[in-house]
Amino acid sequence: MLELRPFNSLGGAHHGWLDAHHHFSFAEYHDPKRMNWGNLRVWNDDVIAPGTGFPQHPHRDMEIITYVREGAITHQDNLGNKGRTEAGDVQVMSAGTGIAHSEYNLEATETRIFQIWIIPNEVGSAPSWGAKPFPKGEREGFVTLASGKVGDDQSLHIRADARLVAANLKAGESAEYHLDSGRRAYLVPATGVIEVNGLRAQARDGVAIADEQVLRVTAIEDSEIVLVDVA
């Protein structure tokens, strides 16, 4: 089962400094049919103006992944962590018992991110933050960027039964991703045009996936694809 969620059907708001689009219910956008997808709770498509960003605010008991599509995001939190994450790279924040953080675009151009929230396996753990570079030019097929699954030792660790992967495909290239029985996936092409198991999706559309064992993604145009495999 594949369900296309076109970009123009997403919720969202334009705050001047922030142009936000929500794949799932978030803030003032509420759709009872789009509350979550398995343990995937939030997928926000955010465009942040230069010199602006999210001032310090708290979270708890959530795994929050930031995938940077263009530009860079600069993180700071009350644990003393600081970092700048560039396009193609990923940062992970395990909110645990509580963390307060800010995320700013200190660049001269817009920063575009996917902000992805996944419900953790357990609550009450100590908070943490980490980031890692994943050069787009070094991706052969789908590359695991963040995961809570056993054996995914080269990726950023999350405390959730989920895996974040990404692929960069030239026009005409294909890549496959295998889903275990009972798993769901949510896929978004950050750029380009793709077909996944015959369903066409444009840049920034969402594809909700269930009851599929093999996902075959073919790029109609040069494309950057981000996928979350969830319980």
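These numbers come from a predicted model, not from an experiment.

Trainee: Would you mind showing me how to read the overall build of the protein chain here?
Mentor: The secondary structure content of the protein chain amounts to zero helices and 22 strands. Taken along its principal axes, the extent of the C-alpha atoms in the protein chain is 45 × 40 × 40 Å. Within the protein chain, the proportion of its 231 residues that are buried is 51%. A fraction of 71% describes how many contacts in the protein chain between residues 6 or more apart in sequence connect residues 24 or more apart. For the protein chain, the accessible surface area stands at approximately 10,100 Å², while carbon and sulfur atoms represent 48% of it.

Trainee: Help me understand the sheet that holds strand S16 (residues 174–178) in this model?
Mentor: Two orientations exist for strands paired in a sheet by backbone hydrogen bonds: parallel and antiparallel. With antiparallel pairing, four strands are arranged side by side in an open sheet as S16-S21-S18-S19. The sheet terminates laterally at S16 and strand S19 (199–202), the two strands that pair on one side only. Taking the axes of each pair of neighbouring strands and ignoring which way they run, one obtains an average angle of 25° across the sheet.

Trainee: Help me out: how do you make sense of the layout of surface pockets in this one?
Mentor: For the largest pocket, the calculated volume is near 280 Å³. Mapped onto the lining of the largest pocket, the elements with two or more residues apiece are strand S2 (11–14), strand S3 (18–22), strand S4 (40–48), strand S5 (52–59) and strand S11 (111–118). The class makeup of the residues in the lining of the largest pocket is eight nonpolar, seven polar and two charged.

Trainee: Can you walk me through the pairing of strand S18 (residues 193–196) in this structure?
Mentor: The side chains of a regular strand alternate, residue by residue, between the two faces of the sheet. Across four bridges, the pairing between S18 and S19 is antiparallel. Paired with Val 196 across the strands is Leu 199, a residue of S19. In this structure, S18 lies alongside strand S21 (residues 214–219), joined through three bridges in antiparallel fashion. Opposite Val 196, over in S21, you have Val 217 as the bridge partner.

Trainee: Please explain a negative patch on the surface as it appears in this structure.
Mentor: A grouping of Glu 140, Glu 173, Glu 221 and Asp 222 is seen on the molecular surface, where their side chains present a negatively charged patch. Structurally, Glu 140 can be placed in the loop between strand S12 (128–132) and strand S13 (143–147).

Trainee: Got a minute to help me understand the UniProt feature "domain: Pirin N-terminal" (unreviewed entry) in the protein chain in this structure?
Mentor: If you check UniProt for "domain: Pirin N-terminal" (unreviewed entry), the listed places come out as residues 12–118 in our numbering. Taken as a whole, residues 12–118 contains 0% helix and 60% strand, while its terminal C-alpha atoms sit 19 Å from one another.

Trainee: What exactly am I supposed to notice about the side chain of Asn 39 here?
Mentor: Within the secondary structure, Asn 39 is located in the loop between S3 and S4. At a separation of 3.2 Å, a polar atom in the side chain of Asn 39 contacts the main-chain carbonyl oxygen of Asp 161. The contact partners of Asn 39, leaving out residues within four places of it in the chain, are Trp 117, Ile 118, Ile 119, Asp 161, Val 230 and Ala 231.

Trainee: Can you help me understand empty space enclosed by the protein in this one?
Mentor: Any empty space left between the atoms is revealed when a probe the size of a water molecule rolls over them. Using the criterion set out here, one finds two cavities of 30 Å³ or more in the structure. Computed from the structure, the largest cavity encloses a volume of approximately 110 Å³. What lines the largest cavity is a set of 16 residues, and nearest its centre among them are Thr 66, Gln 91, His 101, Glu 103 and Gln 115. Size it by volume and the second largest cavity reaches roughly 30 Å³. Along the walls of the second largest cavity sit Asp 61, Met 62, Glu 63, Gly 96, Pro 120, Glu 122, Val 123, Gly 124, Ser 125 and Arg 159, which together make up its complete lining. Grouping the amino acids of the lining of the second largest cavity by side-chain chemistry returns three nonpolar, three polar and four charged.

Trainee: Whenever I open this one, the sheet that holds strand S15 (residues 162–169) confuses me. Can you help?
Mentor: In spatial order, the strands read S1-S20-S17-S22-S15-S13-S14; together these seven strands make up an open sheet with mixed pairing. In this open sheet, the two strands that pair with only one neighbour each are strand S1 (2–5) and strand S14 (156–157). Sheet analysis places S13 next to S15, joined by four bridges and oriented antiparallel. Looking at the pairing, Ser 147 lines up with Arg 163 of S15.

Trainee: I keep staring at unusual backbone geometry and nothing clicks. Help me out?
Mentor: If a residue is not glycine, its phi is most likely negative; likewise, a peptide bond is most likely trans. At Ala 27, a position not held by glycine, the phi torsion is positive, near 55°. Structurally, the position occupied by Ala 27 is in the loop between S3 and S4.

Trainee: Please clarify how the pattern of salt bridges should be interpreted in this entry.
Mentor: Where side chains of opposite charge bring their charged atoms close, a pairing between them can arise. In the structure shown here, the tally under the stated rule is 16 salt bridges. Residue Asp 161 is joined to Lys 149 by a salt bridge in which the shortest nitrogen-to-oxygen separation is 3.8 Å. With Asp 161 in the loop between S14 and S15 and Lys 149 in the loop between S13 and S14, this pair connects stretches of sequence that are 12 residues apart. Here Asp 161 falls in the partly exposed class, since its relative accessible area comes to 28%. In this structure, Arg 163 and Asp 229 form a salt bridge, with 3.9 Å as the shortest nitrogen-oxygen distance. In this pair, Arg 163 sits in strand S15 while Asp 229 sits in strand S22 (residues 223–230), placing the two residues 66 residues apart along the sequence. Each of the two residues, Arg 163 as well as Asp 229, counts as buried. Shared partners join several salt bridges into a network, and the residues in it are Lys 149, Asp 152, Asp 161, Arg 163, Arg 183 and Asp 229.

Cut-offs applied
- Residues numbered from 1 in each chain as written.
- Predicted model: local features only at pLDDT ≥ 70, side-chain atom pairs only at ≥ 80, totals over all residues.
- Heavy atoms only, no water.
- Helix = DSSP H or I, 4+ residues; strand = E, 2+ residues; numbered from the N terminus.
- Buried < 20%, exposed > 50% of the residue type's maximum accessible area, 1.4 Å probe, protein only.
- Contact = heavy atoms within 4.5 Å.
- Areas by Shrake-Rupley, 256 points an atom, 1.4 Å probe, with all protein chains shown as cover.
- Pairing = 2+ DSSP bridges.
- Axes fitted to C-alpha atoms, helices over the stretch in contact; angles between N-to-C directions.
- 1 Å grid on protein atoms, 1.4 Å probe; cavity = no way out; pocket = protein on both sides within 12 Å on 5 of 7 lines; lining within 4 Å.
- Points joined across faces, edges and corners; volume = space filled by probe spheres on them.
- Nonpolar A, V, L, I, M, F, W, Y, C, P; charged D, E, K, R; others polar.
- Patch = residues over 30% accessible without salt bridge, like charges linked within 9 Å, V, L, I, M, F, W, Y side chains within 5 Å.
- Salt bridge = Lys/Arg side-chain N within 4 Å of Asp/Glu carboxyl O.
- Lys, Arg positive; Asp, Glu negative; His and termini not counted.
- Charge placed at Lys NZ, Arg CZ, Asp CG, Glu CD.
- UniProt positions renumbered as here; feature names shortened; annotations may be inferred.
- Polar contact = N/O pair within 3.5 Å; in protein donor to acceptor, adjacent residues only side chain to side chain.

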